[in-house]
Amino acid sequence: MYLALVVFNFLFYKLNAKLGLFKSVQLRINALGEKNKYKLKKRYTMLILATIIILHLFVYINIISGLTIGFLFAFQDICFSDNHIENDWGDRLD
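Everything quoted here is computed from the prediction, not taken from an experiment. Sequence order sets the numbering: in each chain, residues are counted from 1 along the sequence as written. In keeping with the predicted nature of the model, local features appear solely for residues at pLDDT of at least 70, side-chain atom pairs appear and are counted solely at 80 or more, and the whole-chain, interface and lining totals rest on all residues. No hydrogens and no water enter the side-chain calculation; it runs on all heavy atoms of the structure.

### Notes on the packing of helix 1 (residues 2-19) against helix 4 (residues 62-79)
Convention followed: Here, axes are lines fitted to C-alpha atoms. For helices the fit covers the stretch in contact, and angles between N-to-C directions go from 0 to 180 degrees. Elements are defined by DSSP. Helices are runs of H or I of four residues or more, strands are runs of E of two residues or more, and each kind is numbered from the N terminus. Note on terminology: angles under 35 degrees are roughly parallel, angles over 145 are roughly antiparallel, angles of 65 to 115 are roughly perpendicular, and the others are oblique. By the definition used in this description, the sense in which the near helix is turned from the far one sets the handedness, with an anticlockwise turn below a right angle giving left-handed and a clockwise turn giving right-handed. Residue contacts are counted whenever heavy atoms from the two residues lie within 4.5 Å of one another.
Contact geometry of helix 1 with helix 4 gives a least axis separation of 8 Å together with a crossing angle of 40°. Between helix 1 and helix 4, the angle falls in the class oblique. When the axes of helix 1 and helix 4 are compared, the crossing they make is right-handed. On helix 4, the residues that touch Ala4, Leu5, Phe8, Asn9, Phe12, Tyr13 and Asn16 of helix 1 are Gly66, Leu67, Gly70, Phe71, Phe73, Ala74, Phe75, Asp77 and Ile78.

Structure follows, in structure tokens:
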């Protein structure tokens, strides 16, 4: 799961840097107030938790579960501008 998270974080960072794929989503989320941003992030986290439970119950292939969960967490990171690749290593990767 952690490897998938890092790979998807890097992929989303590159797509956002080159194509600006997530810029509009980031701008809309950043325009929200802190309370609404917190509510949205909490709902998305609950969605991820529900996905983890469903995958655990019905999917017995750990690779698929790890990729799915890594994708969802990386999507959350890039949309809420919490991308660790961008924040920590962005200046070294360009």
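What follows picks up the thread again.
### Remarks on the confidence of the model for the chain
Keep this limit in mind: Scored between 0 and 100, pLDDT is the confidence that the predictor attaches to each residue.
With 86% of its residues at a pLDDT of at least 70, the chain reaches an overall mean of 84. Mean pLDDT in the chain bottoms out at helix 5 (residues 84-93), which sits at 61, and peaks at helix 3 (residues 34-58), which reaches 91.

### Things to note about the nonpolar core
If you look at soluble globular proteins, the nonpolar side chains tend to sit buried side by side. The test is simple: Nonpolar core, defined: a set of buried Ala, Val, Leu, Ile, Met, Phe, Trp, Tyr and Cys residues in which side-chain atoms within 4.5 Å join the residues together. Between buried and exposed lies partly exposed: a residue is buried under 20% and exposed over 50% of the maximum accessible area for its type, with that area taken using a 1.4 Å probe on protein chains only.
Counting nine residues, the largest nonpolar core consists of Ala4, Phe8, Phe12, Phe22, Ile29, Ala74, Ile78, Cys79 and Phe80. Within the residue set of this core, elements represented by two or more residues are helix 1 and helix 4.

### Structural notes on the side chain of Gln26
Under the convention used in this document: Definition of a polar contact: a pair of N or O atoms within 3.5 Å, with one able to donate and the other able to accept a hydrogen when the atoms are protein atoms, and with sequence-neighbouring residues admitted only if both atoms are side-chain atoms.
Relative to the helices and strands, Gln26 is located in helix 2 (residues 23-31). A distance of 3.4 Å separates polar atoms of two side chains, one belonging to Gln26 and the other to Asn16.

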